Structure formats: structure tokens, C-alpha cells
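Okay, here's what each chain looks like letter by letter:
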Amino acid sequence: ADSYSSFRDADVSDKVKTVEAALERRSASVVSGSSTGYDGGSKSFPFKVGESSSSLLALIPSGIGLTYISRLQRYILAPDEDYDGNFGEGIASTKPLDPEFGPRGRSPIERERDLDLLTYLRFCASGAICSGGVHLALTPLDVVKTKLQTNPSEYPDTITAFKKVWSEGPSTFFTGWQPTFIGFFAWGSISYSTTEVFRRYFTSLAGVDALNLEVPIIIASAALASGIGSCLIVPFETVRIRSVSQPTFGNNIIGVARRIIKEEGASSLFSALPAFLFKEIPFACAKFTVFDLSTQYMYQLFPAAQEDLRLSLYVSLVGGALGGIMAALVSNPADATVSEMKKAKTSLGPTEAAKALLARGGVPALFSGLPLRMFFYSVMISLQFFVYDSVRFALGIGSDDLKLYLDVLGGALKESGGPV
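A quick note: this is a predicted structure, and the numbers were derived from the prediction, not measured. (Residues numbered from 1 in each chain as written. Predicted model: local features only at pLDDT ≥ 70, side-chain atom pairs only at ≥ 80, totals over all residues. Heavy atoms only, no water.)

**Details of the overall build of the protein**
- Looking only at helices and strands, one finds 15 helices and six strands in the protein.
- Within the protein, the proportion of its 420 residues that are buried is 43%.
- Contacts in the protein between residues at least 24 apart in sequence constitute 70% of all its contacts with a sequence separation of at least 6.
- For the protein, the computed accessible surface area is about 21,300 Å², with 63% contributed by carbon and sulfur atoms. (Helix = DSSP H or I, 4+ residues; strand = E, 2+ residues; numbered from the N terminus. Buried < 20%, exposed > 50% of the residue type's maximum accessible area, 1.4 Å probe, protein only. Contact = heavy atoms within 4.5 Å. Areas by Shrake-Rupley, 256 points an atom, 1.4 Å probe, with all protein chains shown as cover.)

Structure follows, in C-alpha cells:
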């Protein structure tokens, strides 16, 4: 097999053969740069040509064609005289435009590498380290946020809450750190890795339409992954909230969990799952969507950042901060509802807890702690993506590490045994 057929799978090869057959049936007298390949709606520029291979003509970018020079008695590449230099109009790519090959020069022939078990485990490790580590480091902010939501009479605002927690002892800031770290270590491992798997799966299903379905693919992938992760994290969050709202409830994560199970039943650890899904799914969708779109926009403004590791990590920081702010905003009502349910022993379900919040403080009660959450999650998500990308690069699963490039010249030389 040549380098092309070894690069493609069977389905792609069949599609290519169909396209090539259709091109062969076209009239050979007129060739359009945009009609010989996918250029996202570029302008068509006709050129007179003689008999030639449509397969080779398909490599010519828009605005470039073959013209016959009688004096030389051969065809040469030439730009259309009306060509305005606007290659590949409408193509959403953040890579610099190649002046020789137009839009095809951005990523001529490439595809993502299939995920094997080792690569998937490295995604799990990256997600676990970034989520568990960052949540642990920001536990003090999480404690203050939970105090604001579970006991607004004693902790009416952020400044007062910080002062009161400090007066209770500096160690109070790390109340519930065990369920926080263990829970989000496991959650990050599942959430980040399955998001990557679902994104690749939906992209392959969409085929050539994947470029136009980028946002729906991100949202669907993040929603499914966060739904799976929520089932894993909810018992740990139940223990954490009870530890913060009632510091004397148990000595550690095991003591708190045992007492909850003994007094309320094991189902109490999972009773907040519906509310948690309403919190985590919008949170994850907003986080990943805003992060991906904002970083893509920044790469368009600063293309050099793609080639510089330090600059790309700065882009991740800014994109994460924006994603965290939006995620905090859309998920705050469900977060307040979960805190209301789990601050003490209660039979309240998600709907009853939300009604209790509205009865006590109206709509603003659903957004209690929002300013702190926006700051907390802007810092947390930016650090998470920064650490996530750093660990990915270190483990050899960065974006470029997971791409395969077709080396046409290398394949030809290998098969022929030398220069051709």
C-alpha cells in the first residue's frame, strides 16, 4: 500500500475513490481551484488545461491553476489575475495561512491519533492531578463559600465570613479537605478523560460537518462526561458539606460518612444527585465551551502562541478564568440547593430545598455566594486548565503529540528505496 492508503482507513479510501472517479468524469477543459478540493466555500477561478490527472489537480489551492505556455510548450502554475488573495474564505482555523498552499497549508494531511489504553490512562492522570490538586489548594475559599450558603445569618457576607472563620482557627479553612481532595481526584480522572473520548467519538460521527458542529460537540461531550462524574462525586460532596456546616459531626471523612449512613441511611449520600446533575452539567458545558471558544479566538489574534509553550499556557489561564466565571453563574442556583439539602439531617428533596431557599430569601437566595464563587471558579478553572495542559505536555499527550501527519515524500522514498 502507498502512503495514502496506509494513512486512510477502508471507509475513507472508498470515499476518496468515489470522489476521484467523479473528478475524472468532469470536463478536463476547465479546472477550478475550489472545485478540486474542500475549501469551505472559496471562490471558483477557471483555468484552461489539457489532459492531466484530476488527483494531482485536487492538490492545487483556490486561486491557483494550470495555464499552457505555447512558447515553452508546457503547463505552469499561475494565479488568477482577478484573485484577491483571500484563500479559504470561511475556514475556521487558527493556524497561520501558508502563502504557497493556501488553506491546505495549515494542516495539509493530518488526523488525530486513535486513543489506546496507555494514552487514556495518561488523560485520567492529567485530569486527576489538575482537579484534585487545585481543589485542595483552594479549599479555604470553598469553606467560606459553603458557610455563606449554609448559615447566612452568621456569615452574611464574604468579608465577615472570612473574619469569622479565621477567628475559629486557621485550620477551619481546611475543614473537609479529605473528601474534597479524594472526591475531585476521582472526578477529574473520569470527567476530563471521558470528555476527550466523547469529543473524538462525536467528531468522527459528524465527519466533514464536524467543523460546523464544534460547539454542539463540545456541549454534548461535556454534558455526558459531567453526568458520569456527578455520580462519583456526590457522596464526597455530601460528606464535605456536612463537615463544614457541622464541624463536630465527625472526626474525619470516614467518621462523617459512617454517621450519615447510620442516622440517615446510605441513600442520603446520593439523595442530592438530581440537584448535583443540574449543577454539574451546566457548569461543565459552560466551562468547556467558553474555554474552547475563547482560546480559539486568542489563538486567532496571536497565532505565535500556538508555537510557544509558555504563551499557550498563558492562553489556557485566560480561557480558564473566563470559563470559570460563566460556569459559576449558570450553576449557582443548583449549588445553593445542594448546600441547603446537605447542611443538616433533612428529608428535603431538591425541589423542596429550592422552595425553602426562595421562601427564605427570594431569588437572591439562589445566588448566595455568587461573587465569591465567580472569583473562586475563575481562579480554579484557570489553574485547572493550566495544570491540565502542563501535565499533558509532560506526559506526551499534548495536541500535537496526538496528531498523525501524512509524509507523502517519506512514504514515496521508503517504497522506492531512494530519491525519486
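Resuming the write-up.
**Topic: helix H4 (residues 117-137)**
- Between the first and last C-alpha of H4 there are 30 Å, a value that for 21 residues agrees with the 30 Å anticipated at 1.5 Å per step.
- Within the sequence span of H4, burial applies to Thr119, Phe123, Cys124, Ser126, Gly127, Ala128, Cys130, Ser131, Gly132, Val134 and His135.
- On its buried face, H4 sits against helix H5 (139-150), helix H7 (177-206) and helix H14 (370-395). (Expected span 1.5 Å × (residues − 1).)

**With respect to the pattern of salt bridges**
- Per the counting criterion, the structure on display carries twelve salt bridges.
- The residue Asp142 makes a salt bridge to Arg240 at a minimum N-O spacing of 3.6 Å. Within this pair, whereas Asp142 is found in helix H5, its partner Arg240 is found in helix H8 (residues 214-245), the two being separated by 98 residues in sequence. Accessibility assignment for this pair places Asp142 and Arg240 in one class, buried.
- Glu263 is the partner of Arg259 in a salt bridge, and the nearest nitrogen-oxygen pair spans 2.8 Å. Here Arg259 pairs with Glu263, and both are found in helix H9 (residues 253-264), just four residues apart, close to one helical turn.
- Its relative accessible area of 34% is what places Arg259 among the partly exposed residues. (Salt bridge = Lys/Arg side-chain N within 4 Å of Asp/Glu carboxyl O.)

**With respect to the packing of aromatic side chains**
- Taken as a whole and judged by the stated rule, the model has 14 aromatic pairs.
- Geometrically, the ring pair formed by Trp166 and Phe173 is tilted, given 6.2 Å between the ring centres and 45 degrees between the ring planes.
- Linked through ring pairs, Phe184, Trp187, Tyr192, Phe288, Phe291, Phe385 and Tyr388 together constitute an aromatic cluster.
- In this structure, Arg242 packs its charged tip against the face of Phe249, placed 5.0 Å from the ring centre.
- Taking NZ or CZ as reference, Arg259 lies 4.2 Å from the ring centre of Phe249, over its face. (Phe/Tyr/Trp six-rings, centres within 6.5 Å; stacked < 30°, edge-to-face > 60°. Lys NZ or Arg CZ within 6 Å of the ring centre and 35° of its normal.)

**What to know about the confidence of the model for the protein**
- Per-chain confidence: the protein averages 75 in pLDDT, with 68% of residues scoring 70 or above.
- Taken element by element, the predicted model of the protein shows its lowest mean pLDDT in strand E1 (residues 30-32) (40) and its highest in H4 (92).
- Long-range and interchain partners of residues 1-8, a stretch whose pLDDT sits below 50, account for 18 contacts in this model, where long-range means more than four residues apart. (pLDDT = per-residue confidence, 0-100.)

**Here's the deal with the side chain of Thr175**
- As for its position among the elements, Thr175 is in the loop between helix H6 (158-167) and H7.
- Engagement of the side chain of Thr175 in a polar contact is seen with the backbone oxygen of Thr172, the distance being 2.7 Å. (Polar contact = N/O pair within 3.5 Å; in protein donor to acceptor, adjacent residues only side chain to side chain.)

**As for the nonpolar core**
- Counting residues in hydrophobic clusters, the biggest one holds 43 residues, and the most contacted among them are Val144, Tyr192, Phe288, Tyr377 and Met380.
- Looking at which element gives the most residues to this core, the answer is helix H10 (residues 273-301), with nine residues.
- Residues contacting Tyr192, with those up to four places away along its chain left out, are Gly127, Cys130, Trp187, Lys287, Phe288, Gln384, Phe385 and Tyr388. (Core = buried A, V, L, I, M, F, W, Y, C linked by side-chain atoms within 4.5 Å.)

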